[in-house]
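Given next are the chains, with one letter for each unit.
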Amino acid sequence: MSIQRPRPPRKNPLSRTTAPLLPPPGRSRAAHGLTQAAALGQFALHQCPECQTVSYPARDACPKCLCGNLVVTPVPNGGTVLSVTTIQISGEPYFRRLAPARQALIALDCGPTIVAEARPDCQTGMRASASLQLDKAGQPVIYARPENGSPDSDSDPHWRELVADPLHRRCLITDGRNPITLPLAKALLGSGAAKVLIGISERWKPFADAAKLEALGAVELVDLDLADDQSVSAVAADYGARTDILIHNALHLRPGSILAGGELLKARDAMDVSYFGALRLAHHFGPIMRARGADRDNSAAAWVNVLSIFAHLSWPGFAAYSATQAASLSFSQALRAEMRGSGVRVLDVFTGPMEIDWLEHLPPPKVQPSAVAHEIVAALKSGEEERWVGDVAKDFRERFRANPKEIERDLWRQ
Amino acid sequence: MAPVSLTYQRYSTKPAQWWIGAALRGLVDASGIPHSGFDGLSLASFTLGPDPAIAMTQHFGMTTRWVDSLAMGGASGIAAIRRAARALEAGDVDIVACIAADTNYTDTFRQLLAGFTRFSQDAVYPHGAGGANASFAHLTNAYMDRYGVTRADFGRVCVAQRQNALHNPRAIMKKPLALEEYLSARPIVDPLGLFDCVMPVAGAEAFLLMRGDTMRKHGLKGARLLASIERHNAFPEDPVQYRGGWALDVDELYGMAGVAPGDIDVVQTYDDYPVIVMMQFEDLGFCAKGESAAFVADNDLTIGGSFPHNTTGGQLSAGQAGAAGGHLGIVETIRQVTGTAASTQVEGARLGLASGFGMINYDRGLASGAVIFAGEDL
């Protein structure tokens, strides 16, 4: 399974662009407990808090003790393959296009028997490991691969439907000045991206990383001012149909109090690149990406929004910035809904404060820009929809879910 | 009595309600009793929505005092008989029209699979959308591994049923099938090929149930119900299904009827896939567990053979009219033991067994059941 897939040949301009099709999207409310786990890249199933029985498919009460409060809990993902079959014929257009499909019946060590999409090298009697993935309809499915096989499933076209692997894909990073851009461009190229296009605004301003970026090879710097509709339109006209992964990482981080007179201007500037910038990108790149969601192996695959954890809760001292992040999170949810049906994944990456000049005054731990870059690529390769990067972000997530008022008060002390 | 089978259609432009109406008229024609005289209605259908069974009373101008609706797929017919028989016994009702009807528009079958049950929708169908074919492929794989059964063994069942179908003018399959054709057929879901899978069709099967005194009052002849069994979600601990609920209840079935498997003259098993036929041969006591392949090889399963089985051609050759697939064998058994099966009649058949199996909710079929009918003189 480790032979790297060659780059797809140039597309014949006369051939039809394959239209996106969707796998069956219906799921029960209980099944969406697994959607949440799949979005985060976890393997979690319903577990009974009273008798610990793990159950699957998603139930509304424990089949052993009838407890009605099942909790989606991370569980061991190993099991034994009971049967594998090859589905040659399906009535669903999505699977007819992808035929054949392998399907396995697997007895999980944690209890239940699962039905999974199986990598072609899964055989009856073998040990297998299962992962929860989001399919092209954005709904949870289970994928199984041999426990001791290659970790790389790229040669299976069904796996490629579940992820947004940068391999052979053309990526656009919208803010070249964001400190994550250089490591991100490196990481994307390291994962086999065909090209990385990097937007730079106001090129007359000093830009220290320009030479380092250009030295990476398949990198191109383009003038892109997210605050200028014509600029975004021009880049989309040239590159829109060749953008497979768009990473919106506009960073406009300025401290300020909403009680200060200058805050209105700052907020406008920040909104203009972050939120309105995202809207401009959606307007000019969105329709083309939507249409290219099934355009062969280097189809449009993902839109990444790099967001701060302060999208969820305003950061004292960074009010305007927090507002842009909250607006951008809302944008991301809207975009995901708009992109439904296209197969283009919308990935939210939440980071805590990064190790950058503007945040010099903050004590550690702070997340390194390179860590953010690597986790973006990892999340794309494993098909996630949400990733929290760094210790502060993970700490924030847990505490915010448990008690938002506690963490709100705690932020006042900084 | 009054067995009614409507001629199946691959695709129908008419809804399930139309097929129910046609089946009711068939029952009236066969019994001479006006449908206003049916005071009970038992319905099985996948495609009746949004109507519940009760809506049919007004739709067809009936005033009933008993209505039943069965949603057990291929076990609905057996369950319908059991419930109606108890109601008749208790005097709650006098004449029950048991009807299974489904339509098949051009996209009905795909929609039915996509929304079959919640478990299926959530956890099976999104993984390749193989439908029941994929679920039965796993059962077939596991059965083949467990008992060393081959595709040719299954093929013998399908070939014999096709021979029977050639005697049934209503069967959707009209051409003979050779074992070589079966083996070289287009693969559908490995190891299942084209002739392992039923053809979804539109159609209806129906019969009347009543007490003997009512029957004689109307001057009718019919079959007598000797015994019945029903079981749901049997053997949940089996990792992959290799037996059905029949194995739990088989002694009760023959004990209640006072007969042995060897006494049965004609058998109609539920046959959406040949593997489930093999399981029924074993679980219903016609051979030991795991020995169906030898049993099939040693017997002739055609109408004139040593073990007449699925004399209409079964669903595999007659077609699967949705929920009516489970009524097909019952209606044929009534015909067989009353000597009215015409071109598919097994000579001298007096004791008949019909079984049902239904609802692949997730990884296995949940419902199983069987009935034994005798000709009136037994």
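Calculation rules
- Residues numbered from 1 in each chain as written.
- Chains lettered and ligands numbered in written order.
- Predicted model: local features only at pLDDT ≥ 70, side-chain atom pairs only at ≥ 80, totals over all residues.
- Helix = DSSP H or I, 4+ residues; strand = E, 2+ residues; numbered from the N terminus.
- Rg over C-alpha atoms; globule rule 2.2 N^0.38 Å.
- Buried ≥ 20, exposed ≤ 12 C-beta atoms within 10 Å, placed from the backbone.
- Contact = placed C-beta atoms within 7 Å.
- Pairing = 2+ DSSP bridges.
- Axes fitted to C-alpha atoms, helices over the stretch in contact; angles between N-to-C directions.
- Expected span 1.5 Å × (residues − 1).
- Right-handed = clockwise from strand over helix to strand, strands pointing away.
- Parallel < 35°, antiparallel > 145°, perpendicular 65-115°, else oblique.
- Nonpolar A, V, L, I, M, F, W, Y, C, P; charged D, E, K, R; others polar.
- Left-handed = near helix turned anticlockwise from the far one by under 90°.
- Core = buried A, V, L, I, M, F, W, Y, C linked by C-beta atoms within 7 Å.
- Arc of directions from axis to C-beta.

A. The arrangement of the overall build of chain A in detail. Secondary structure assignment for chain A yields 12 helices and 15 strands. By the compact-globule yardstick of 22 Å for 414 residues, chain A fits well, its C-alpha radius of gyration being 22 Å. Buried residues in chain A amount to 48% of all 414 residues. Of all intrachain contacts in chain A linking residues separated by at least 6 positions in sequence, the fraction that spans at least 24 positions is 67%.

B. The arrangement of the overall build of chain B in detail. The number of helices and strands found in chain B is 14 helices and 11 strands. Its C-alpha atoms give chain B a radius of gyration of 19 Å, within 12% of the compact-globule value 21 Å for 378 residues. By its C-alpha atoms, chain B is 55 × 45 × 40 Å across when sized along the principal axes. By the burial criterion, 58% of the 378 residues in chain B qualify as buried. Put simply, 77% of the contacts in chain B that link residues at least 6 apart link residues at least 24 apart.

C. Local environment of the sheet that holds strand β10 (residues 351-360) of chain B. Residue and element names in this part refer to chain B. On the basis of which strands lie adjacent, the open sheet formed by 4 strands has the order β8-β11-β10-β9 and mixed pairing. In this open sheet, the two strands that pair with only one neighbour each are β8 (223-232) and β9 (266-268). Neighbour-to-neighbour, the strand axes of this sheet turn through a mean angle of 15°, independent of strand direction. Pairing analysis gives 9 bridges linking β8 to strand β11 (residues 365-375), with the strands arranged antiparallel. Looking at the pairing, A227 lines up with I372 of β11.

D. Fine view of helix α10 (residues 369-381) of chain A. Residues and elements named next belong to chain A. Under the 1.5 Å per step criterion, the end-to-end length of α10 is 19 Å for 13 residues, consistent within 8% with the ideal 18 Å. For α10, the full list of buried residues reads P369, V372, A373, E375, I376, V377, A379 and L380. Buried residues along α10 sit against α4 (181-190), β12 (245-248), β13 (302-308), β14 (345-351) and β15 (386-389). The first or second residue beyond α10 is G383, which carries a positive phi of 75°.

E. The pairing of β15(A), seen in detail. Residues and elements named next belong to chain A. The sheet contact formed by β14 and β15 spans 4 bridges and is parallel. Its bridge partner being in β15, V349 is matched across the sheet by R387. This β-α-β element, β14 to α10 to β15, shows left-handed connectivity.

F. Inspection of the environment of B:V346 at higher detail. Residue and element names in this part refer to chain B. Looking at the element boundaries, V346 is found in the loop between α14 (325-337) and β10. In sequence terms V346 and P308 are 38 residues apart; their C-alpha atoms lie 7.2 Å from each other. Every residue in contact with V346, bar those within four places of it in the chain, is listed here: D265, V266, I303, P308, T311 and Q336.

G. Up close: the interface of chain B and chain A. Listed by partner, the interface residues are 31 residues for chain B and 32 residues for chain A. For the side of chain B that touches chain A, the secondary-structure elements that each account for two or more residues are α4 (108-114), α5 (118-124), α6 (131-147) and β5 (187-189) of chain B.

H. Seen up close, unusual backbone geometry. Residues and elements named next belong to chain A. Following Y56, the chain continues into P57 via a peptide bond in cis, with omega recorded as -5°. Mapped onto the fold, P57 is located in the loop between β2 (54-55) and β3 (71-74). Residue P100 follows A99 across a cis peptide bond; omega there is 0°. With respect to the secondary-structure elements, P100 resides in the loop between α2 (93-98) and β5 (101-108).

I. Here's a closer look at the sheet that holds β2(A). Residue and element names in this part refer to chain A. With antiparallel pairing, the 3 strands of this open sheet are ordered in space as β2-β1-β3. The outermost strands of the open sheet, each flanked by one partner alone, are β2 and β3. As paired strands, strand β1 (residues 44-47) and β2 are joined by 2 bridges and run antiparallel to one another. Its bridge partner lying in β2, H46 is registered against S55. Lying over the sheet, helix α1 (residues 32-39) contacts β1 and β3, oriented at roughly 30° with respect to β3.

J. The packing of helix α7 (residues 151-165) of chain B against helix α11 (residues 274-283) of chain B, seen in detail. Residue and element names in this part refer to chain B. Look at α7 against α11: their axes get within 9 Å of each other, and the N-to-C directions meet at 95°. Judged on the interaxial angle alone, α11 and α7 are roughly perpendicular. Residues F154, V157 and C158 of α7 touch α11, and the partners they reach there are P274, V275 and V277. Among the residues forming the contact of α7 with α11, the class breakdown is 6 nonpolar, no polar and no charged.

K. Main features of the packing of helix α7 (residues 263-273) of chain A against helix α8 (residues 275-291) of chain A. Residue and element names in this part refer to chain A. Two numbers describe how α7 lies on α8: the axes approach to 2 Å, and their chain directions differ by 25°. Relative to α8, α7 is oriented roughly parallel. Where α7 crosses over α8, the handedness of that crossing is right-handed. Seen from α7, the contacting residues are M271, D272 and V273; seen from α8, they are Y275, F276 and G277. Split by residue class, the contact of α7 with α8 holds 4 nonpolar, 1 polar and 1 charged.

L. Representation of the environment of A:A37 in the model. Residue and element names in this part refer to chain A. Among the structural elements, A37 can be located in helix α1. Along the primary structure A37 and Q133 are separated by 96 residues, whereas in three dimensions their C-alpha atoms are 8.6 Å apart. Filtering out sequence-adjacent residues up to four positions away, A37 remains in contact with Q42, F43, A44, V72 and L132.

M. Here's a closer look at the nonpolar core. Membership of the largest hydrophobic core comes to 237 residues, with the highest contact counts inside it found for A:I106 and B:I99. With residues near it in sequence (within four places) discarded, B:I99 still touches B:I20, B:A23, B:L24, B:L43, B:A204 and B:A206.

N. Region of interest: the environment of A:F276. Residues and elements named next belong to chain A. Relative to the helices and strands, F276 is located in helix α8. Take F276: there are 19 C-beta atoms within 10 Å of it, and that puts it in the partly exposed class. Separated by 95 residues in the primary sequence, F276 and A371 have C-alpha atoms spaced 27 Å apart.

O. Structural context of α7(A). Residues and elements named next belong to chain A. Residues A270, M271 and V273 constitute the buried set of α7. All buried residues of α7 project into a common sector of 170° when viewed along the axis, lining one side. Set apart from the buried face of α7 by more than 90 degrees, the exposed residues are L264, L265 and R268. In the core, the buried residues of α7 are packed alongside α8 and α9 (319-339).

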